[in-house]
Amino acid sequence: MKYLKGLFFFYFLCLFSCSDKQSMPEIINKSAEEQFYIPENIYASSIRIAYFDSLSKAAPKNQKEKYNLRKADALLYAGRTKEAIEILERLWAKSNKNALRYQLDLNEEEKIGPLLALAYMRLGEQQNCIHHHNASASCIIPIDPEGYHQAPEGSRKAIALYENLLNYNSRDYTSRWLLNIAYMTLGKYPDSVPEKYLIPESAFESEYPLKKFEDIAPKLGLNVNDLSGGSIVDDFNNDNLLDVLVSSWFPSGKLNYFINDGQGGFIEKTSTAGLEEVKGGLNMIQADYNNDGFIDVFILRGAWMESLGKHPNSLLRNNGDNTFTDVTLEAGLLSFHPTQTATWADFDNDGWIDLFIGNESEKGNVHPSEFFKNNGDGTFTNLTSSAGLSISNEEEPFFVKGVTSADYNNDGWMDIYVSTLHSTRNLLFINQGKDKNGKISFREDGLNRGLQEKISSFPTWSFDYNNDGWVDIFVAGYRRSSFYNIVPDIVSDYLKEPNRAETMRLYQNIKGSFTDVSSEVGLNKIGYAMGANYGDLDNDGFPDIYLSTGEVSFESIIPNRVFRNDAGEKFQDVTTAGGLGHVQKGHAVSFSDIDNDGDQDIYVVMGGAYEGDNFFNSVYLNPYQDENNWISLKLEGIKANKAAIGSRIEVTVIENGSPRTIFHTVSPGGSFGASTLRAQIGLRKASEVKEVKIQWAGSGTQQVFKNLKLNTFYKITEAKPEAEVLHLQPVAL
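Residues numbered from 1 in each chain as written. Predicted model: local features only at pLDDT ≥ 70, side-chain atom pairs only at ≥ 80, totals over all residues. Heavy atoms only, no water.

**Looking at unusual backbone geometry**
So, point 1. With an omega of -10°, the peptide bond between Ile141 and Pro142 qualifies as cis.
So, point 2. Inspection of the secondary structure puts Pro142 in the loop between helix H6 (106-130) and helix H7 (153-168).
So, point 3. Residues Tyr189 and Pro190 are joined by a peptide bond in cis, for which omega reads 5°.
So, point 4. Locating Pro190 in the fold gives a position in the loop between helix H8 (173-185) and strand E1 (214-215).
So, point 5. Of note in the backbone geometry, Asn291 takes a positive phi value of approximately 55° without being a glycine.
So, point 6. The backbone phi angle of Lys496 is positive, close to 60°, even though this residue is not glycine.
So, point 7. For Lys496, the location among the structural elements is in the loop between helix H12 (487-494) and strand E23 (505-510).
So, point 8. Note on Lys496: relative accessible area 76%, which makes it exposed. (Helix = DSSP H or I, 4+ residues; strand = E, 2+ residues; numbered from the N terminus. Buried < 20%, exposed > 50% of the residue type's maximum accessible area, 1.4 Å probe, protein only.)

**A short note on the packing of aromatic side chains**
So, point 1. Scanning all chains against the criterion turns up 39 aromatic pairs.
So, point 2. Measuring from ring centre to ring centre gives 6.0 Å for Trp304 and Phe399, while their planes differ by 45°; the resulting arrangement is tilted. Remark: Phe399 occurs in the loop between helix H11 (384-387) and strand E15 (400-406) and Trp304 occurs in the loop between strand E8 (296-300) and strand E9 (314-318); sequence separation between them is 95 residues.
So, point 3. Assessed through its relative accessible area of 21%, Trp304 is described here as partly exposed.
So, point 4. Here Trp344 and Phe380 contribute two aromatic rings whose centre-to-centre distance is 6.1 Å and whose plane-to-plane angle is 55°, an arrangement assigned as tilted. You can see Trp344 sitting in strand E11 (residues 339-345) and its partner Phe380 sitting in strand E14 (residues 380-382), a full 36 residues away along the chain. (Phe/Tyr/Trp six-rings, centres within 6.5 Å; stacked < 30°, edge-to-face > 60°.)

**A closer look at a nonpolar patch on the surface**
So, point 1. A cluster of nonpolar residues, Leu329, Leu334 and Phe336, forms a patch on the protein surface that exposes about 220 Å² of accessible area.
So, point 2. Note on Phe336: relative accessible area 35%, which makes it partly exposed. (Patch = residues over 30% accessible without salt bridge, like charges linked within 9 Å, V, L, I, M, F, W, Y side chains within 5 Å. Areas by Shrake-Rupley, 256 points an atom, 1.4 Å probe, with all protein chains shown as cover. Salt bridge = Lys/Arg side-chain N within 4 Å of Asp/Glu carboxyl O.)

**Details of the sheet that holds strand E36 (residues 679-684)**
So, point 1. Strand order in the open sheet formed by four strands is E36-E33-E39-E40, with mixed pairing between adjacent strands. Only two strands of the sheet have a single neighbouring strand rather than two, namely E36 and strand E40 (724-726). Sheet twist, expressed as the mean angle between neighbouring strand axes with direction ignored, is 30°. (Pairing = 2+ DSSP bridges. Axes fitted to C-alpha atoms, helices over the stretch in contact; angles between N-to-C directions.)

**Regarding the confidence of the model for the chain**
So, point 1. Of the residues in the chain, 96% reach a pLDDT of 70 or more, and the chain-wide mean stands at 94.
So, point 2. Counting interchain partners and residues more than four positions distant, the pLDDT-below-50 stretch residues 1-19 has two contacts. (pLDDT = per-residue confidence, 0-100. Contact = heavy atoms within 4.5 Å.)

**Observations regarding the packing of helix H4 (residues 64-77) against helix H5 (residues 81-96)**
Describing two packed helices takes the angle between their axes plus the distance from one axis to the other.
So, point 1. At a minimum axis distance of 8 Å, the contact between H4 and H5 shows a crossing angle of 145°. Judged by the sense of rotation from one axis to the other, the crossing of H4 with H5 is left-handed. Counting all contacts with H4, which are made through Glu65, Asn68, Leu69, Lys71, Ala72, Leu75 and Leu76, the residues of H5 involved are Thr81, Glu83, Ala84, Ile87, Leu88, Arg90, Leu91 and Lys94.
So, point 2. Along the lines of polarity and charge, the residues of the contact of H4 with H5 split into eight nonpolar, two polar and five charged. (Left-handed = near helix turned anticlockwise from the far one by under 90°. Nonpolar A, V, L, I, M, F, W, Y, C, P; charged D, E, K, R; others polar.)

**A few points about the environment of Lys57**
So, point 1. Looking at the secondary structure, you find Lys57 in helix H3 (residues 45-58).
So, point 2. Placed ten residues apart in sequence, Lys57 and Tyr67 show a C-alpha to C-alpha distance of 9.0 Å.

**Side note on the UniProt feature "domain: ASPIC/UnbV" (unreviewed entry) in the chain**
So, point 1. UniProt annotation of "domain: ASPIC/UnbV" (unreviewed entry) refers to residues 644-714 when read in the numbering used here.
So, point 2. When the span residues 644-714 is considered, its composition is 0% helix and 52% strand, and the gap between its end C-alpha atoms is 14 Å. (UniProt positions renumbered as here; feature names shortened; annotations may be inferred.)

**Describing H3**
So, point 1. Taking 1.5 Å of rise per residue, 14 residues should cover 20 Å, and H3 covers 20 Å from first to last C-alpha, within 8% of that figure.
So, point 2. Where H3 is concerned, the buried positions are Ser45, Arg48, Ile49, Phe52, Asp53 and Ser56. Projected down its long axis, H3 shows its buried positions confined to an angular sector of 135°, all on one face. Across H3 from its buried face, at more than 90 degrees, point the exposed residues Lys57 and Ala58.
So, point 3. In this fold, the buried residues of H3 make contact with H4. (Expected span 1.5 Å × (residues − 1). Arc of directions from axis to C-beta.)

**Remarks on the packing of H7 against H8**
So, point 1. H8 packs onto H7 with a crossing angle of 150° between their chain directions and a minimal axis gap of 9 Å. Considered as vectors, H7 and H8 are oriented roughly antiparallel to each other. Of the two elements, H7 crosses H8, and the hand of that crossing is left-handed. Facing Ser155, Ile159, Tyr162, Glu163, Leu165 and Leu166 of H7, the residues of H8 in contact are Ser175, Arg176, Leu178, Leu179, Ala182, Tyr183 and Thr185.
So, point 2. Split by residue class, the contact of H7 with H8 holds eight nonpolar, three polar and two charged. (Parallel < 35°, antiparallel > 145°, perpendicular 65-115°, else oblique.)

Okay, structure coming up:
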C-alpha cells in the first residue's frame with residue numbers, strides 16, 4: 001500500500017509539473033508567437049499590413065489615409081512592392097493636388113514622394129538583381145554592364161522622382177545617392193547624371209590594385225536567398241573538407257546545412273541533420289564544448305527586439321554523424337534575453353571551453369550579460385555575478401552588440417572586450433585568474449588601459465594586425481548623424497565633407513595597454529557595419545578587414561567595405577578593385593579556405609532584417625592561390641580544449657634572407673560571422689619555415705616544430721612531438 005501511495009503521489013506530481021515541460025522547438029515557437037508575430041514588432045510586416053488595413057477600414061474618412069500610408073510602408077518592407085506602389089501613386093497624386101491637407105500631417109505627407117521613389121528602386125532591384133541574378137555583377141559597385149537592369153521601369157521612374165525631390169532640396173543626400181545608383185543600374189552613370197548631383201567616379205577608386213574576387217555561390221548551390229543571419233564555415237564531420245552552416249533571423253527562418261562533397265560541390269543536409277525544427281537565429285558561433293572532437297554550434301536570438309527580445313538561444317550538439325541535437329535544456333543554458341553576440345574561451349584554464357554572452361540592455365529593460373562555466377560533463381553553471389561580469393544594471397545599462405576574447409596582457413588568462421551602442425564606454429574585463437578557492441573573476445580595467453572613450457560601436461574582434469606579439473582590438477563604429485539613415489553620412493564621406501557619424505577604431509596593444517591608431521593607419525572612416533570579420537586577402541601574413549553594411553532601412557543601399565592591411569603600417573580601401581562592394585544588406589562574414597587551395601575565401605550573408613529584404617548570399621573565391629606562400633595548421637588539444645580555441649601560433653619564416661614572424665590566435669574571428677578554426681596563415685614570399693611555436697590555451701603547454709614545409713596542411717596534436725601532414729588536394733569548385 002505504501003508503494004502504491006508513492007506511485008499515486010508521483011503520478012499527480014507529474015500531472016502538475018512534468019506536463020509543463022516543453023521541448024526547445026515548443027519554447028522557440030511560443031516566444032515567437034508572443035513577441036515576434038505581433039503588430040508592435042516593426043519587422044513583422046505581414047502582420048502589420050493586416051493590422052493597418054483593419055484600422056483603415058474602421059477609421060473615419062479623414063483618418064483612413066494615415067493608415068493606408070502605413071500599410072503601404074509595411075507592404076514595401078514585406079516585399080509586396082507593386083501593391084505598395086499602387087497605394088503610394090494614389091497618395092502622391094492626391095498630394096500634388098493638395099487633397100491631403102486635412103488627412104495627413106506635414107511630416108506624413110512629406111514621406112510619400114521618397115517612399116514612392118524607394119518603392120520603384122526596390123521594384124527594379126526585385127525584377128533584375130533578384131529575379132535575374134548575376135552573381136558577378138548584380139549589385140556590385142561600380143555596376144558592370146552585365147549588371148545593368150534589363151527591366152528598366154523601376155530605375156527610370158525612381159530617377160524622375162529623385163530629380164524632383166532634389167529640385168526641391170538639393171541637400172537631400174539620400175535622394176542624391178539613390179539617383180546615382182539608379183543611373184548606374186541603367187548604364188548611364190556618370191554621363192547622364194546631372195552634374196550638380198553627380199557623385200564622381202573618383203570617390204569609388206581603390207587605394208591598391210587588389211585582384212578581383214569572383215562570387216561563385218550560385219555555382220556551388222550556396223547562394224541561399226534569405227534574410228539576415230549568421231554563418232559558420234568549418235569542418236563539422238572531420239573529413240578535412242569545410243562545410244557551411246547558415247541561419248536566417250526570423251523565428252520561422254531555417255538553418256541551411258551544406259556538406260562539402262570534395263568533388264567541387266555542396267550537398268544540403270538540413271533535414272537529415274535534424275535541423276528543420278531548430279529555426280532562426282541572427283548569429284551563430286562554434287566550439288567543441290564537450291571535447292568529443294566534433295564542432296558544436298551556439299545560436300543567438302532576440303537582438304534588436306528590446307522588450308520583445310526575450311527569445312531563447314540554442315546549443316546544438318554535433319553528434320559526429322552529420323546530425324545535431326538541441327541540448328540547451330540539459331546543458332543548463334536556457335535563458336530569455338535579447339542578444340546576438342557571444343564568445344567561447346577557456347577562461348578558467350581547466351581544458352573546457354566556457355561561454356560569455358553579451359545581452360542588450362536599456363533603461364527599464366535590463367538584461368545582464370551571462371557567464372557560463374563549463375562543468376566538463378555536458379552542463380554549464382551560471383557564474384556571472386561571482387565572476388564580476390553582470391555588466392548592466394538599471395543605473396548603467398549597456399546595449400551590448402559585440403564581444404571578443406583574447407589574452408591582452410599575455411599572462412595566460414583570457415580576457416573579454418565588450419562593444420556597446422548608444423555612445424557608452426566600451427568595456428575591457430581583465431581576467432584575474434583563480435582565487436584560493438578556485439573561483440575565477442574579472443576586473444573591468446578599460447579606463448586604466450587607454451579605452452576610456454565613449455563610442456557607439458558594433459562588431460569587434462581581437463587580432464595582431466602588426467605582428468608584434470600583442471593582440472590588438474578592432475571595433476566598427478555604429479552611430480549616424482541625426483539623419484533617418486546612414487546614407488547622408490556615407491555621401492559626405494565619399495565627397496570628403498565633414499559628418500558626425502561614428503568611425504572605426506583600431507586600438508594598438510602596447511604591452512597590455514591600448515592606443516587609438518585609427519588615424520595613423522587610415523581607418524578613421526565610416527565603418528558602419530553589422531557583420532564583419534578579418535582574414536588574409538592576399539596571403540601576405542597581415543590580417544585584412546571585411547565590413548558588411550547591414551543597416552535595416554531600404555534607403556541604405558551602400559557598399560560593403562574592404563580594407564587591405566599594408567604590412568601593419570596602414571589599411572587601404574580595396575573595395576572596388578576586389579569586386580567586393582556589394583550594396584545589399586551584408587551581415588555575417590566567414591573567412592575560410594573552402595577549396596583547400598591555400599588561401600582564404602569569403603562567405604557573406606546578404607539578406608536584410610525586414611520580411612521582404614531577402615537576397616542571395618555570396619562566396620567570393622580568392623584569386624591569390626599562386627601568388628604567395630602559406631601554411632595551414634589544424635590544432636587539437638589534449639589538456640587544452642579540443643578545438644584549441646585561444647591557442648597562440650607563432651610562425652617564423654625566412655624571407656629575403658631575414659627572419660619574419662607572423663602571429664595568429666585560434667578563433668572564429670569577428671563577433672558577427674564565424675571563420676574556420678583551422679589556421680590558414682599567409683607567408684608572402686617566404687623561402688622557408690624556420691619554426692612554428694604553439695602555446696596551448698588553458699594548459700599552457702608550449703611546443704616548437706621545425707622543418708615544416710611551405711604550402712602544406714598540418715595537424716598538430718598537443719604534446720605530440722611531430723606535426724602530421726594532411727595530404728589534402730585542392731577542390732576544383
